[in-house]
Amino acid sequence: MIADLRSDTLTKPTPEMREYMMDAAVGDDVFGEDPSVKALEKKCADLFGKESALFCPSGTMTNQIAMNILTRPYDEVICYEGAHIYKYEGGGLSGNSGVSSRLLAGDRGRIHAEDIEACINPDNPHYPRTSVIALENTVNKGGGCFYTMDEIQPIKQVAEKHRLNMHLDGARLFNALEETKDLPGEYGRVFNTISICLSKGLGAPVGSVLVMDKELEHAARRMRKVYGGGMRQAGFLAAAGIYALDHHVGRLKEDHQRAKSLEEILQGLSRVEKVLPVDTNIVIFSLAGKSDSGKVVAELEKNGLLAVAFGPQEIRLVTHLDFTDDHLNMAVKILKNYFK
Ligand SMILES: *Cc1c(COP(=O)(O)O)cnc(C)c1O
């Protein structure tokens, strides 16, 4: 047995999910003829109270499509300096859309209305045109912390005042909703576009969905084709997403509880310098005594625990559907033994 805490993308479809996938009705989705893809898109649009949704192969693609259709070349997007759209998408913002990014430090990645407003450029030919505020919820780089809807509302007010679009990278939005009990419909009202990942905590093998207003759909479908994301009998994958939304949302709480247990154990260990507060399914901790995280990760691997180096002295652990209580007990033993 191995305790694999590298990412919540590592989950494999459960036997029930596989069966559901194999039974899916399929067709050519580029021709608009895949009933399972259509059903997934409708399910997601309805959930958020929007009219349209688009199934894509990855969350990078849904984010990049959103940025492309909400901006014009030379525009500027305001986001957190560690945001996935900026830091982990290979420079796609500038390459795909020709826009610049205005980066904010935020509080563990949560950016605030006053700081955002201070970054909005005046309408003057010297400056790029500010056109989008992009938020991430939960914030990956911030250790899985979340915004509540009450914290997002003042940002929405700034967006309305300055006529800016709002995009949400909701790769782990359901993790946030599990804790805040805010409703998807409230998100639908605030954001023009919302990207959700089916292949993270929800446990589907592939796929993300971009939820959006009707008038954006045509442009979004066009850009999906441009980026090479038009898939044919994609219904097998969409069916996994439908299954995940029906069966794996309610259990995210378990992932959060297991992450909390890891946090408590790590806090008591002398070779651990600091653990970021654990709010959902991500645990980020730093090493005492200037230890090199790459080396430590390699040593943990030899003991049967897989983790990710998340900075020179930082290590990230992520709990997920395939990380059970048995894995937790094993991980706790390894961590206690190693970091004593
Ligand atoms: C994983 C992730 C994405 C999308 O990643 P893909 O691997 O392209 O599906 C987007 N945003 C955040 C915050 C993520 O963690």
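Residues numbered from 1 in each chain as written. Predicted model: local features only at pLDDT ≥ 70, side-chain atom pairs only at ≥ 80, totals over all residues. Heavy atoms only, no water.

Q: What's the story with the site of the ligand in this structure? I'm lost.
A: S58, G59, T60, N63, H84, E136, N140, D169, A171, R172, C197 and K200 make up every residue found near the ligand. Contact distances for the ligand include 2.8 Å between an oxygen atom and a backbone N or O atom of G59. For the ligand, an oxygen atom lies 2.5 Å from a polar atom in the side chain of T60. Coverage of the ligand by the protein amounts to 83% of the 380 Å² it exposes when considered alone. With three residues, the top contributor of residues to the shell around the ligand is helix α3 (residues 59-70). Of the residues belonging to the shell around the ligand, the class tally is two nonpolar, six polar and four charged. (Near = heavy atom within 4 Å. Polar contact = N/O pair within 3.5 Å; in protein donor to acceptor, adjacent residues only side chain to side chain. Areas by Shrake-Rupley, 256 points an atom, 1.4 Å probe, with all protein chains shown as cover. Helix = DSSP H or I, 4+ residues; strand = E, 2+ residues; numbered from the N terminus. Nonpolar A, V, L, I, M, F, W, Y, C, P; charged D, E, K, R; others polar.)

Q: Could you clarify how one ought to interpret the sheet that holds strand β5 (residues 130-136) in this entry?
A: What holds strands together in a sheet is hydrogen bonding between their backbones, with the strands either parallel or antiparallel. Strand order across the open sheet formed by seven strands is β2-β8-β7-β6-β5-β3-β4, with mixed pairing between neighbours. Each end of this open sheet is capped by a strand with a single partner; those strands are β2 (52-56) and β4 (100-104). Mean inter-strand twist for the sheet, computed between neighbouring axes without regard to direction, equals 20°. Sitting on the sheet, helix α2 (residues 35-48) touches β2, β7 (193-197) and β8 (208-212), and the angle it makes with β2 is about 130°. Helix α10 (residues 214-226) contacts β2, β7 and β8 of the sheet and is inclined by roughly 15° relative to β2. (Pairing = 2+ DSSP bridges. Axes fitted to C-alpha atoms, helices over the stretch in contact; angles between N-to-C directions. Contact = heavy atoms within 4.5 Å.)

Q: Please explain helix α11 (residues 235-247) as it appears in this structure.
A: One turn of an α-helix holds 3.6 residues; hence residues three or four places apart share an orientation. With 13 residues, α11 ought to run about 18 Å at 1.5 Å a step, and its terminal C-alpha atoms sit 18 Å apart, in line with that. Of the residues making up α11, those classed as buried are G235, A238, A239, A240, G241, I242, Y243, A244 and L245. On the buried face of α11, the contacting elements are α1 (15-22), α2, β2 and α8 (173-180). (Expected span 1.5 Å × (residues − 1). Buried < 20%, exposed > 50% of the residue type's maximum accessible area, 1.4 Å probe, protein only.)

Q: What is the right way to read the sheet that holds strand β10 (residues 282-287) from this model?
A: If you walk across this open sheet you meet the four strands as β9-β10-β13-β12, and the pairing is antiparallel. Strands with a single pairing partner mark the edges of an open sheet, and in this sheet they are β9 (272-275) and β12 (308-309). Judged from the five bridges that link them, β10 and strand β13 (residues 314-318) form a sheet pairing that is antiparallel. For S286, the partnering residue across the bridge sits in β13 and is E314.

Q: Quick question: what am I supposed to make of the side chain of S131 here?
A: Inspection of the secondary structure puts S131 in strand β5. Apart from the residues lying within four places of it in its own chain, the contact partners of S131 are L70, T71, D75, E76, L164 and N165.

Q: I would appreciate a short explanation of the state of the cysteines in the present structure.
A: Working definition of a disulfide: a covalent bond connecting the sulfur atoms of two cysteines. On inspection of all chains with the given rule, the structure shows zero disulfides. Cysteine C145 remains unbridged, with the sulfur of C79 as its closest cysteine sulfur at 15 Å. Given a relative accessible area of 0%, C145 falls into the buried group. Its sulfur unpaired, C197 is 11 Å from the next cysteine sulfur, which belongs to C56. (Disulfide = S-S within 2.5 Å.)

Q: Just to check I follow, could you spell out the environment of G144 for this structure?
A: Structurally, G144 can be placed in the loop between β5 and α7 (149-161). Along the sequence, G144 and L276 sit 132 residues apart, while their C-alpha atoms lie 9.4 Å from each other. Sequence-distant contacts of G144, that is, excluding residues within four places in its chain, are made with T138, V139, D279, T280 and I282.

Q: What is the right way to read the pairing of β10 from this model?
A: Working note: regular strand, side chains alternate between the two faces of the sheet. The buried count for β10 comes to six of six residues, which makes it a mostly enclosed element. Residues I282, I284 and S286 line one face of β10 and the alternating positions V283, F285 and L287 line the opposite face, and both faces are buried. Two strands pair when backbone bridges link them, and β9 and β10 are joined in this way by three bridges, in the antiparallel orientation. In the strand pairing of β10, V272 is matched with L287. Here β9 hands over to β10 after six residues, the two strands then running antiparallel side by side.

Q: Looking at this structure, how should I read the environment of R102?
A: Mapped onto the elements of the fold, R102 is located in strand β4. Sequence spacing of R102 and I133 is 31 residues, and the spatial spacing of their C-alpha atoms is 9.6 Å. What R102 contacts, discounting residues up to four positions off in sequence, is E76, V77, I78, C79, C119 and N121. Of note is the side chain of R102, whose polar atom sits 3.3 Å from the side chain of E76.

Q: Help me understand the domain arrangement of the chain in this model?
A: Size of an interface: often given as the accessible area lost when the parts come together. Splitting the chain by domain gives domain 1 (13-247) and domain 2 (251-339). Centre-to-centre separation of domain 1 and domain 2, based on C-alpha positions: 28 Å. Taken together, the contacts link 20 residues of domain 1 with 14 residues of domain 2. Of the roughly 1,500 Å² buried where domain 1 meets domain 2, counting both sides, 53% is carbon and sulfur surface. Between the two partners, domain 1 and domain 2, sit two salt bridges. (Domains from an automatic or database assignment. Buried area = accessible area lost by both parts, 1.4 Å probe. Salt bridge = Lys/Arg side-chain N within 4 Å of Asp/Glu carboxyl O.)

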